[in-house]
Amino acid sequence: MISAKNNFSVLLIALLLVSGCSPKVAGNGNTTDEDISGEFSIAVLPDTQYYTSEKNGGKKEMFTAQTQWIVNNAVKENIAYVIHLGDISDDGEKFPEQWVNAAESMYVLEKPQSGYPQGIPYGMAVGNHDQTKSQYPLSGKTDQYNKYFGIEHFKNKKWYGGHYRDDNDSHYDLFIAGGIKFISIFLEYDSYDEDIEGMNKWASQLLEKYSDRKAILVSHSMIHFNKTVGTNEKGFPAFSKQGKRIFDGLKRFPNVFLTLSGHVGDNGEGYRQDGYAGNVVKSLLSDYQSRPNGGHGLMRLMKFSKSRDLISVRTFSPFTGEEEKDADSQFTLPLFHHTNVARYLDYNNDQTTELMSFSAGNWKIANHADIAFGKAGDIAVPADYNGDGKVELAVFRPSEGKFYTQDGKTVILGRNGDIPVCGDYNGDGFADFAVYRPANLTWYFDGMDSIRFGHKMGIPVPADYDGDGILDVGFFRRDNSLWQTSLGNIPLQVQHVAGDIPVPADYNGDGKAEMAVFRPSTGEWIIDKIKQPVKFGQAGDIPVPGNYYNDGKAYPAVYRNNKLILQNKEVDFKTGNKETLINLPYAIRKFFF
């Protein structure tokens with residue numbers, strides 16, 4: 001970390017400090033054992049209704065194979081918690097033997113073993129097939145669910161937090177994993193809004209009470225399946241009715257980061273992300289009961305890495321041994337810090353910015369071998385085009401009006417004179433190809449409508465200024481230092497000085513980009529929300545703010561004489577000439593360097 005012995009560092013620490021997580025503890029719910037790895041897993045069990053009912057080719061042994069696999073691999077995978085997404089049974093109260101089958105499978109998790117004195121912590125959602133008078137949480141019955149998985153069964157479990165109303169249909173758990181405190185809140189299926197306001201109020205009280213815990217919201221129905229099977233790209237699935245009610249009611253709580261659901265089995269998998277006030281909430285659907293043999297035992301393991309700020313999802317069946325490896329079954333996502341503000345030019349998914357340069361098809365990336373891709377005349381446009389948290393190499397070829405990615409994708413967009421401004425403009429986690437055309441002050445996007453918004457003296461400075469996970473179009477006026485964005489005119493309280501260089505970034509880790517300028521004439525960084533300018537740099541420096549420490553925020557930095565200079569250290573990086581360095585966006589380099 002930056003040394004506190006340094007005046008600049010003291011200022012940054014005082015002004016930019018963001019609260020860290022609690023001390024690292026074991027992933028099995030124990031609050032004292034040390035867990036220095038920060039790596040843990042959560043197992044997810046989708047709808048088991050055809051296993052417990054033994055319909056449509058499903059077998060109860062498929063369910064037991066899942067829970068037994070969890071027990072057998074708990075230590076190896078550091079499984080901290082297990083989530084059942086609901087539709088445990090198929091017929092609610094009608095056939096009690098289905099609940100006997102469910103209990104036999106789930107109770108496997110409760111056998112004590114090394115590191116898990118009360119078994120492996122788990123929670124279960126109540127789905128529509130678990131209710132009699134299906135889809136009604138108040139007037140419907142869930143006696144069988146509560147017989148086997150009710151308050152009495154869980155009240156002495158150390159992870160059990162409590163319940164809503166007088167049964168366990170909606171409940172919450174508390175656990176710690178990888179040094180992070182969690183709360184998981186289970187909301188009963190409610191298709192007709194019979195009690196959604198009451199459940200949201202209860203959940204709101206929990207999120208306020210446990211504001212120091214990262215929150216996972218679990219309900220049987222939250223989102224629909226992906227529009228394009230086999231990929232998490234190309235358009236978000238819609239929220240279900242209840243999912244929209246839950247998200248709209250609880251999105252204001254910054255500790256909510258993940259929702260999980262099942263219910264929709266036609267294609268079985270879905271993903272969307274939604275930002276609000278600097279926080280991005282990821283929603284994942286997994287449900288395989290509409291497939292042959294009731295889903296043939298497919299389940300998920302979600303691996304969490306605190307140190308790399310990543311979630312890795314694996315989909316497999318312990319019963320058949322199969323693995324699903326298409327892009328919506330096996331994938332990686334950022335955990336808490338999204339790519340629009342907190343993972344700038346992260347080439348290897350370590351949460352830190354890499355120094356990069358590009359010249360005539362030759363890429364230099366700090367601590368990596370040189371890469372040949374592109375040709376003379378190309379403009380480097382690295383960005384996270386596949387949503388996995390790290391940048392992919394890409395170029396814009398103005399002579400052809402095309403973008404090329406290293407993995408072979410070609411997109412026709414733009415022409416000579418256009419300025420590439422690639423990034424995530426629709427909030428789906430995937431960078432979009434985009435150009436700004438100074439000739440007509442218009443922004444053009446791949447697959448989205450164009451926007452006329454600019455000024456003849458404006459430099460395009462797109463950034464996520466409101467923290468909703470979506471880049472806002474905007475420009476910086478060279479004639480008066482005014483910032484104008486799609487959100488309105490944003491006055492950075494600074495007297496205009498010719499030569500000021502715009503350097504928007506998230507300097508305080510709140511998930512929103514701050515307006516900022518580097519003033520070479522005085523060697524100052526003037527950053528919105530920081531009262532005093534930060535004295536750092538000199539005339540001739542290239543400002544290259546970035547996430548140089550894996551704490552989710554940007555730091556002022558400059559490039560000078562083949563060195564990256566931070567206040568407490570210098571890093572050698574020889575590019576040949578300063579024009580080839582791409583850590584400052586091309587739109588800004590074009591006007592100043």
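Owing to the predicted nature of the structure, the values given are computational and were not obtained by experimental measurement.

Caption draft 1: Spatial organisation of the overall build of the chain. Broken down by element type, the chain carries nine helices and 37 strands. On C-alpha atoms alone, the chain measures out to a radius of gyration of 26 Å, which is about the 25 Å that the 2.2 N^0.38 rule sets for 593 residues. When the backbone C-alpha atoms are referred to their principal axes, the chain occupies close to 75 × 50 × 45 Å. Relative to its full complement of 593 residues, the chain shows a buried share of 60%. In the chain, 57% of the contacts between residues at least 6 apart in sequence involve partners at least 24 apart. Working note: accessible area of the chain is about 22700 Å², and carbon and sulfur atoms make up 48% of it. Side chains of the chain give 62 positive and 74 negative charges; the mean places of these two sets differ by 5 Å.

Caption draft 2: Structural detail: helix α4 (residues 97–106). For α4, the tally of buried residues reaches seven of ten residues, placing the bulk of the element in the interior. Residues of α4 that are buried: Q98, W99, N101, A102, A103, S105 and M106. Buried residues along α4 sit against β1 (39–45), α2 (49–52), α3 (60–77), β2 (79–84), β3 (122–124) and α5 (143–149).

Caption draft 3: The arrangement of empty space enclosed by the protein in detail. With the rule as written, the count across this model stands at three cavities of 30 Å³ or more. The calculated volume of the largest cavity comes to roughly 860 Å³. Taken together, 43 residues line the largest cavity, and the ones lying closest to its centre are N340, Y344, C422, P462 and P585. For the lining of the largest cavity, the element with the highest residue contribution is helix α9 (residues 586–592), accounting for four residues.

Caption draft 4: Here's a closer look at the UniProt feature "domain: Calcineurin-like phosphoesterase" (unreviewed entry) in the chain. The sites that carry the UniProt feature "domain: Calcineurin-like phosphoesterase" (unreviewed entry) are, in the present numbering, residues 42–224. Annotated as 31% helix and 21% strand, the span residues 42–224 places its first and last C-alpha atoms 22 Å apart.

Caption draft 5: Seen up close, the layout of surface pockets. Taken as a whole, the second largest pocket spans an internal volume of roughly 430 Å³. Looking at the second largest pocket, it is lined by 17 residues, and the ones nearest its centre are E233, Y385, K409, A431 and D446. Of the residues assigned to the lining of the second largest pocket, the class counts are four nonpolar, five polar and eight charged. A domain-level breakdown of the lining of the second largest pocket finds at least three residues from each of domain 1 (39–334) and domain 2 (356–590).

Caption draft 6: Spotlight on the domain arrangement of the chain. Assigned domains of the chain: these are domain 1 (39–334) and domain 2 (356–590). The C-alpha centroid of domain 2 is placed 39 Å from the C-alpha centroid of domain 1. Listed per partner, the contact involves 16 residues of domain 1 and 18 residues of domain 2. Each partner contributes to the roughly 990 Å² buried at the junction of domain 1 and domain 2, and carbon and sulfur atoms together form 50% of this total. Of all residues in domain 1, the largest losses of buried area upon contact with domain 2 belong to E233, Q273 and G278, amounting jointly to 37% of the total for that side. Inspection of the region where domain 1 meets domain 2 yields zero salt bridges. Inspection of the region where domain 1 meets domain 2 yields four residue pairs in polar contact (both at pLDDT 80 or more).

Rules used throughout
Residues numbered from 1 in each chain as written. Predicted model: local features only at pLDDT ≥ 70, side-chain atom pairs only at ≥ 80, totals over all residues. Heavy atoms only, no water. Helix = DSSP H or I, 4+ residues; strand = E, 2+ residues; numbered from the N terminus. Rg over C-alpha atoms; globule rule 2.2 N^0.38 Å. Buried < 20%, exposed > 50% of the residue type's maximum accessible area, 1.4 Å probe, protein only. Contact = heavy atoms within 4.5 Å. Areas by Shrake-Rupley, 256 points an atom, 1.4 Å probe, with all protein chains shown as cover. Lys, Arg positive; Asp, Glu negative; His and termini not counted. Charge placed at Lys NZ, Arg CZ, Asp CG, Glu CD. 1 Å grid on protein atoms, 1.4 Å probe; cavity = no way out; pocket = protein on both sides within 12 Å on 5 of 7 lines; lining within 4 Å. Points joined across faces, edges and corners; volume = space filled by probe spheres on them. UniProt positions renumbered as here; feature names shortened; annotations may be inferred. Nonpolar A, V, L, I, M, F, W, Y, C, P; charged D, E, K, R; others polar. Domains from an automatic or database assignment. Buried area = accessible area lost by both parts, 1.4 Å probe. Salt bridge = Lys/Arg side-chain N within 4 Å of Asp/Glu carboxyl O. Polar contact = N/O pair within 3.5 Å; in protein donor to acceptor, adjacent residues only side chain to side chain.

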